Amino acid sequence: MNATRIGPSLLAADFAHLADDIERVERGGADFLHLDVMDGHFVPNISFGLPVVAAVRQTTRLELNTHLMLQDPLPFIGPFKEAGSDSLVVHVELESVQAVLDAIRQHGLQCGLAVNPSTPVSALYPYLDELNSALVMSVEPGFGGQAFQPAALDKIRDLCAEIERRGLDIPVGIDGGVQPGNAAACRRAGAQCLVAGSAVFSAQDPARVIADLRG
Ligand code: DX5
Ligand code: ZN
């Protein structure tokens, strides 16, 4: 069993002091950074885009895992690579999932697929062979700081069983409302990557929270 990887979500960072906050979580043991890009269409919120990803790239060598909550990500795959993203996560709810996954792979980026709370996890199954990771949303995407939805745990269990049944090796992550109080349940369900925004960035001691999440 691989060690759990922890990815702080920058959505909960202090944008006026982003470099400082990144340094704090990097020193605190973060394994990657999760960057939530929202377009106000796929989700009812707007966050940040390419210039912020490029600026973050200048401050850290950590893997930049960019979660694209965009109605039409296809034209932006190349630009997010240029900006410095290492891995892109897109949503299985998109109309043109296959074309977007193909584009991500053609650009040589790691490719992940996310599933919303209202979508059955089996929607991911047709794409498993093509993925470097899968991400189960434990909140409706669009906002940080929401309450964890425990139904995500069953989806993780089902997904991990399907991955194992097929003899694949795809790390499953969980995103939304993850904190030290539910991290053990996430890990037990099979999650290998925990994305956490407010739990990490609102902490006095992010290193402590990251260690607690890792278990
Ligand atoms: C929600 C985002 C999450 C969010 C997590 O749309 O995809 O990554 O930032 O934030 P917390 O951990 O505060 O729920
Ligand atoms: Zn996210």
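Preceding this section is the structure that the text describes.
The following paragraphs examine the structure supplied in this document. This one's a predicted model, so the numbers in the text were calculated from it and none came from an experiment.

As a further point, take the coordination of the zinc ion (ligand 2). Donor atoms from the polypeptide that coordinate the zinc ion (ligand 2) comprise His34 (NE2), Asp36 (OD), His67 (ND1) and Asp175 (OD), at 2.1 to 2.3 Å from the metal. For the zinc ion (ligand 2), the six donor atoms in the first shell make angles of 72 to 171° at the metal, a pattern classed as octahedral. One chain supplies every donor to the zinc ion (ligand 2), and in sequence these donors are spaced H-x1-D-x30-H-x107-D. Given a relative accessible area of 0%, His34 falls into the buried group.

This part is about the nonpolar core. Nonpolar side chains tend toward joint burial in soluble globular proteins. Ranked by internal contacts, the top residues of the largest apolar core, which has 68 residues, are Leu10, Leu33, Leu113, Leu159, Ile174, Leu194 and Leu213. If we ignore the near neighbours within four places in the chain, the residues touching Leu113 are Val89, Val90, His91, Val92, Val97, Leu101, Leu124, Tyr127, Leu131, Ser133, Ala134 and Leu135. Formed by eight residues, the second largest nonpolar core is a distinct cluster that contains Phe32, Ala114, Met137 and Cys193.

Our focus in this paragraph is the pattern of salt bridges. Counting across every chain of the model gives nine salt bridges. Note that Arg24 and Asp21 form a salt bridge whose closest N and O atoms lie 3.6 Å from each other. Within this pair, Arg24 and its partner Asp21 are both found in helix H1 (residues 18-27), separated by three residues, close to a single helical turn. Residue classification places Asp21 among the buried residues on the basis of a relative accessible area of 9%. In this structure, the salt-bridge partner of Arg208 is Asp212, at a minimum N-O distance of 3.9 Å. Within this pair, Arg208 and its partner Asp212 are both found in helix H8 (residues 206-214), separated by four residues, close to a single helical turn. For Asp212, a relative accessible area of 34% corresponds to the partly exposed category.

Basis of the calculations
- Residues numbered from 1 in each chain as written.
- Chains lettered and ligands numbered in written order.
- Predicted model: local features only at pLDDT ≥ 70, side-chain atom pairs only at ≥ 80, totals over all residues.
- Heavy atoms only, no water.
- Donors = N, O, S within 2.8 Å, 3.2 Å for Na, K, Ca; no water.
- Tetrahedral: all angles 85-135°; square planar, octahedral: opposite > 155°, others 65-115°.
- Buried < 20%, exposed > 50% of the residue type's maximum accessible area, 1.4 Å probe, protein only.
- Core = buried A, V, L, I, M, F, W, Y, C linked by side-chain atoms within 4.5 Å.
- Contact = heavy atoms within 4.5 Å.
- Salt bridge = Lys/Arg side-chain N within 4 Å of Asp/Glu carboxyl O.
- Helix = DSSP H or I, 4+ residues; strand = E, 2+ residues; numbered from the N terminus.

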